[in-house]
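Residue-level structure breakdown
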Amino acid sequence: MTDGPVLLVTGGSRGIGAAACLVAARHGWRVAVNYALNEAAANAVVSEIKKAGGDAIAIKGDVGNSADIVSMFEAVDKHFGRLDGLVNNAGIVDNTARVDEMSADRLERMMRINVTGSILCAGEAVRRMSSRHGGHGGVIVNISSMAAVIGGSTQYVDYAASKAAIDTFTIGLSREVAAEGIRVNAIRPGIIETDIHASGGQPDRPKEMASSIPMKRAGQAEEVADAIVYLLSPSASYITGAILNVSGGR
Ligand code: NAP
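Given the structure is predicted, the values throughout are model-derived calculations rather than measurements.

Points about the overall build of the protein chain
A tally of helices and strands in the protein chain yields nine helices and seven strands. Over its C-alpha trace the protein chain gives a radius of gyration of 17 Å, about what one expects of a compact globule, namely 18 Å for 250 residues. With the C-alpha coordinates of the protein chain rotated into their principal frame, the extents come out at 50 × 40 × 35 Å. Residue burial in the protein chain is summarised as follows: out of 250 residues, 53% are buried. Looking at the protein chain alone, contacts between residues at least 24 apart form 73% of all its contacts between residues at least 6 apart. With an accessible surface of roughly 11300 Å², the protein chain has 52% of that area assigned to carbon and sulfur atoms. When the 24 positive and 26 negative side-chain charges of the protein chain are each reduced to one mean point, those points stand 3 Å apart.

Following this line, the structure appears as structure tokens:
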């Protein structure tokens, strides 16, 4: 496929981002799969897309580093020559801690990757997609979390606050660029079975929390990816500034 719309997914190598890349490719998107460290995982996503007849590349870059963000978008320009969509998915949690145990370094890293990175990536995308800059429009989906609403008490209030910032950013940016051909929406996943729980020291969290979820189970990455790809699609053409909970009722 040489003429499909082009999508950049940050953190597209694993979990929700990888699922979003695969589902988007099935829907005709050409995909730039960003990753931070796990090149093998990113290459596996690219291979799977190509095997199915799609087009994808892997792009290394840390969204917590502004120079990496610039290079990542330049790599998209160079390879595809256009950009039509961005999924601001890359995000981190940290180990369980109370606020009175959190260091300045922890908070700075959390906000730099989860908040500043997403806003800088959106800025790069707007510069390419907005009619104000000569672009043809586009769509942005930001990945928030139900933690933004629940607050993350005793576990990770810093992460929850970073995701609340994503919610507010989504509303503000959506209004800023609505007349420039760009839709901006967010998704709040609930507890989804991915590696992120192990990276926060709680590998069994999805299993342990299942009984507290109204649907009595954790979600799968593909269930979030389906919602992402819907918001990317023309079926969502009148939806902007929306925040969709994909959380099994949590
Ligand atoms: P995950 O399984 O831990 O995967 C994280 C992905 O992000 C990987 O592809 C990783 O790349 C990439 N990444 C991490 N730090 C990065 C950085 N600084 N720059 C670029 N890429 C980076 O996470 P996930 O569970 O799929 O989460 C994806 C998003 O959903 C996050 O924003 C998260 O907060 C949100 N979310 C997840 C859940 C859940 O229960 N899973 C719930 C609510 C919200 P490498 O492979 O190179 O490490």
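Examining the site of the ligand
By nearness alone, 31 residues border the ligand, and Ser13, Leu37, Asn89, Tyr159 and Thr194 come closest of all. Asn89 is positioned with one of its backbone polar atoms (N or O) 2.7 Å from an oxygen atom of the ligand. Bound to the protein, the ligand loses 94% of the 900 Å² it would expose on its own. Counting only elements with at least two residues in the shell around the ligand, the list comes to α1 (15-26), β2 (30-35), α6 (157-177) and α7 (196-199). Grouping the constituent residues of the shell around the ligand by class yields 14 nonpolar, 13 polar and four charged.

With respect to unusual backbone geometry
Of note, the phi angle at Thr154 is positive, near 65 degrees, even though the residue is not glycine. For Thr154, a relative accessible area of 55% corresponds to the exposed category.

Section: the packing of aromatic side chains
Evaluated as defined, the whole model comprises one aromatic pair. The interplanar angle of 65 degrees and the centroid separation of 5.0 Å between the aromatic rings of Tyr156 and Tyr159 together place this pair among those described as edge-to-face. In this structure Tyr159 comes out as buried when scored by relative accessible area, which is 9%.

Re the environment of Arg30
Turning to its location among the elements, Arg30 is positioned in strand β2. Taking C-alpha positions, Arg30 is 9.7 Å from Asp84, a pair spaced 54 residues apart along the chain.

A short note on the packing of helix α4 (residues 104-129) against α6
In contact at an axis separation of 10 Å, α4 and α6 are set at 15 degrees when each is read in the N-to-C sense. When the interaxial angle is binned, α4 and α6 end up roughly parallel. Our pair here, α4 against α6, has a crossing hand that is right-handed. Residues Arg106, Leu107, Met110, Met111, Asn114, Val115, Ser118, Ile119, Ala122 and Val126 of α4 touch α6, and the partners they reach there are Asp158, Tyr159, Ala161, Ser162, Lys163, Ala165, Ile166, Phe169, Leu173 and Val177. Grouping the amino acids of the contact of α4 with α6 by side-chain chemistry returns 14 nonpolar, three polar and three charged.

Some remarks on the pattern of salt bridges
Using the criterion set out here, one finds 12 salt bridges in the structure. In this structure, Asp77 engages Arg128 in a salt bridge whose closest nitrogen and oxygen atoms are separated by 2.9 Å. Here Asp77 is found in helix α3 (residues 66-80), whereas its partner Arg128 is found in helix α4, with 51 residues between them in sequence. Looking at Asp77, the relative accessible area reads 31%, which means it is partly exposed. Arg112 is paired through a salt bridge with Glu108; the nearest N and O atoms lie 2.8 Å apart. One end of the pair, Arg112, and the other, Glu108, are both in helix α4, four residues apart, so they sit about a helical turn from each other. Assessed through its relative accessible area of 29%, Arg112 is described here as partly exposed. Because the salt bridges share partners, they merge into one network encompassing Asp77, Glu124, Arg127 and Arg128.

Digging into the sheet that holds strand β4 (residues 85-88)
The strand order across the open sheet formed by seven strands is β3-β2-β1-β4-β5-β6-β7, and the pairing between neighbours is parallel. Two strands lie at the open edges of the sheet, namely β3 (56-60) and β7 (243-246), each paired on one side alone. This sheet shows a mean twist of 20 degrees between the axes of neighbouring strands, independent of strand direction. Where strand β6 (residues 182-189) and β7 come together, four bridges link them in parallel fashion. Residue Pro189 lies in a different strand from β7, and its bridge partner there is Val246. Relative to β3, α3 is tilted by about 155 degrees, and along the sheet it contacts β1 (6-9), β2, β3 and β4.

Each value, and the rule that gives it
Residues numbered from 1 in each chain as written. Predicted model: local features only at pLDDT ≥ 70, side-chain atom pairs only at ≥ 80, totals over all residues. Heavy atoms only, no water. Helix = DSSP H or I, 4+ residues; strand = E, 2+ residues; numbered from the N terminus. Rg over C-alpha atoms; globule rule 2.2 N^0.38 Å. Buried < 20%, exposed > 50% of the residue type's maximum accessible area, 1.4 Å probe, protein only. Contact = heavy atoms within 4.5 Å. Areas by Shrake-Rupley, 256 points an atom, 1.4 Å probe, with all protein chains shown as cover. Lys, Arg positive; Asp, Glu negative; His and termini not counted. Charge placed at Lys NZ, Arg CZ, Asp CG, Glu CD. Near = heavy atom within 4 Å. Polar contact = N/O pair within 3.5 Å; in protein donor to acceptor, adjacent residues only side chain to side chain. Nonpolar A, V, L, I, M, F, W, Y, C, P; charged D, E, K, R; others polar. Phe/Tyr/Trp six-rings, centres within 6.5 Å; stacked < 30°, edge-to-face > 60°. Axes fitted to C-alpha atoms, helices over the stretch in contact; angles between N-to-C directions. Parallel < 35°, antiparallel > 145°, perpendicular 65-115°, else oblique. Left-handed = near helix turned anticlockwise from the far one by under 90°. Salt bridge = Lys/Arg side-chain N within 4 Å of Asp/Glu carboxyl O. Pairing = 2+ DSSP bridges.

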